[in-house]
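# Fold and contact review
Each chain, written out:
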Amino acid sequence: MSASTERLHDVRFPGEPDDYRDARDELLRAEIDLRRQIEAVAAGRRELPLGGELREDYEFEEWDPATAHARTVRLSELFEDGKDTLFLYSFMFRPGERGLPLEVACPACTSIIDAMDGEVRHVTQHINFAVVTKVPIDRFGAHARTRGWRHARLLSSAGNSYNPDYHAEDDDGNQLPIASVFVRRDGRIHHQWSSELMFAPREPGMDPRHVDFMWPLWSVLDRTPDGRGQDSEPKLEYR
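Fair warning: this is a prediction, and the values are worked out from it, not measured in the lab. (Residues numbered from 1 in each chain as written. Predicted model: local features only at pLDDT ≥ 70, side-chain atom pairs only at ≥ 80, totals over all residues. Heavy atoms only, no water.)

### Quick notes on the overall build of the chain
- Within the chain, the regular secondary structure consists of 5 helices and 9 strands.
- Written out in order from the N terminus, the α and β elements of the chain read α-β-β-β-β-β-α-β-α-β-α-β-β-α.
- Dimensions of the chain, computed from the C-alpha atoms along their principal axes, are close to 70 × 50 × 35 Å.
- For the chain, the proportion of its 239 residues judged to be buried stands at 37%.
- Taking the intrachain contacts of the chain between residues at least 6 apart in sequence as the baseline, contacts between residues at least 24 apart amount to 53%.
- Between the mean site of the 31 positive side-chain charges and the mean site of the 44 negative ones, the chain shows a separation of 3 Å. (Helix = DSSP H or I, 4+ residues; strand = E, 2+ residues; numbered from the N terminus. Buried < 20%, exposed > 50% of the residue type's maximum accessible area, 1.4 Å probe, protein only. Contact = heavy atoms within 4.5 Å. Lys, Arg positive; Asp, Glu negative; His and termini not counted. Charge placed at Lys NZ, Arg CZ, Asp CG, Glu CD.)

### Describing the environment of E119
- Within the element layout of this structure, E119 appears in helix α2 (residues 107-123).
- Given the relative accessible area of 41%, E119 is considered partly exposed.
- In this structure the C-alpha to C-alpha distance between E119 and H191, which are 72 residues apart in sequence, comes to 23 Å.

### Section: the pairing of strand β6 (residues 128-133)
- Most of β6 is tucked away, with 6 of its 6 residues classed as buried.
- Of the two faces of β6, both are covered, the one formed by N128, A130 and V132 as well as the one formed by F129, V131 and T133.
- Pairing of β6 with strand β7 (residues 154-156), which is carried by 3 bridges, proceeds in the parallel orientation. Along β7, the bridge assignment pairs V131 with L154.
- Handedness of the β-α-β unit built from β6, helix α3 (residues 137-147) and β7 comes out right-handed. (Pairing = 2+ DSSP bridges. Right-handed = clockwise from strand over helix to strand, strands pointing away.)

### Description of the pattern of salt bridges
- The final tally for this structure, using the stated rule, is 21 salt bridges.
- Between D25 and R21 there is a salt bridge, and its shortest N-O distance comes to 3.2 Å. Of this pair, D25 and R21 both sit in helix α1 (residues 18-46), 4 residues apart, which is roughly one turn of that helix. For the pair D25 and R21, one class covers both residues: buried.
- Within the structure, one salt-bridge network assembled from shared partners comprises R7, R12, E16, D18, R21, D22 and D25. (Salt bridge = Lys/Arg side-chain N within 4 Å of Asp/Glu carboxyl O.)

### Regarding unusual backbone geometry
- In this structure, H167 is a non-glycine residue whose phi angle is positive, near 60°.
- Relative to the helices and strands, H167 is located in the loop between α4 (162-165) and β8 (179-185).
- The backbone of R209 sits at a positive phi, close to 60°, despite the residue not being glycine.
- Given a relative accessible area of 35%, R209 falls into the partly exposed group.

### Structural notes on the state of the cysteines
- This model, assessed by the stated rule, comprises 0 disulfides.
- In this structure C106 is not part of a disulfide, and its nearest cysteine sulfur, from C109, lies 3.8 Å away.
- Note on C106: relative accessible area 1%, which makes it buried. (Disulfide = S-S within 2.5 Å.)

### Focus: the nonpolar core
- Counting residues in each nonpolar core, the largest one holds 29 residues, and the members touching the most others are Y89, F91, I113, V131, F140 and M214.
- At the level of secondary structure, the elements contributing two or more residues to this core comprise β3 (85-91), α2, β6, α3 and β8.
- Residue contributions to this core peak at 6 residues, all from α2.
- Discounting chain neighbours no more than four positions away, the residues touching Y89 are C109, I112, I113, A130, V131, V132, P177, I178, A179, V211 and M214.
- With 16 residues, the next largest nonpolar core counts L78, F79, Y162 and I189 among its residues. (Core = buried A, V, L, I, M, F, W, Y, C linked by side-chain atoms within 4.5 Å.)

Take a look at the structure:
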């Protein structure tokens, strides 16, 4: 048996033919290479020097259930004691049937936070996490209730320039789904990383995939014979 056809493990599944196992082992080698590359990129991400220091301690709004009113929270206050990393996801609202700006919640962003909301309690054992949107906090909270979100910290940037400053909004006011990481070092807050793959050149027929890492929908479909398909965009309602 040549090195290229050497078995990588002793596991066989019921009824599988040899040509399947040969093809699967070849694909498994590619998956191993991909795993190494993913870790190499993650290591490079961890080794990035500090990015730009925060120029403004942005004031966001969040809902205070104790008072049933919105309250102000600064970006610096999103850092809990002992947690020096903050992950912010910029959630889009976009024009709807009436063509009004910020009219409806983005189904794709909704799908992402549908999944992340359940993971928040695990993620926040290690870092701080919040979701930011441009609409007023009462509208964002109303959407969250329709989805049953219970754990993600929800913020409104309606009263500040966070979205355009950190490229979650274009020059025409359109919202962009950008994930950003901030770190606190020696009492100062720095931008550390954002999902810039959104702005990088794209492969033909391929979406930017810049936030796929927090979107399990595609990870599951990518492992099926039909893949992502041509009409698999998430929806706000299913019947």
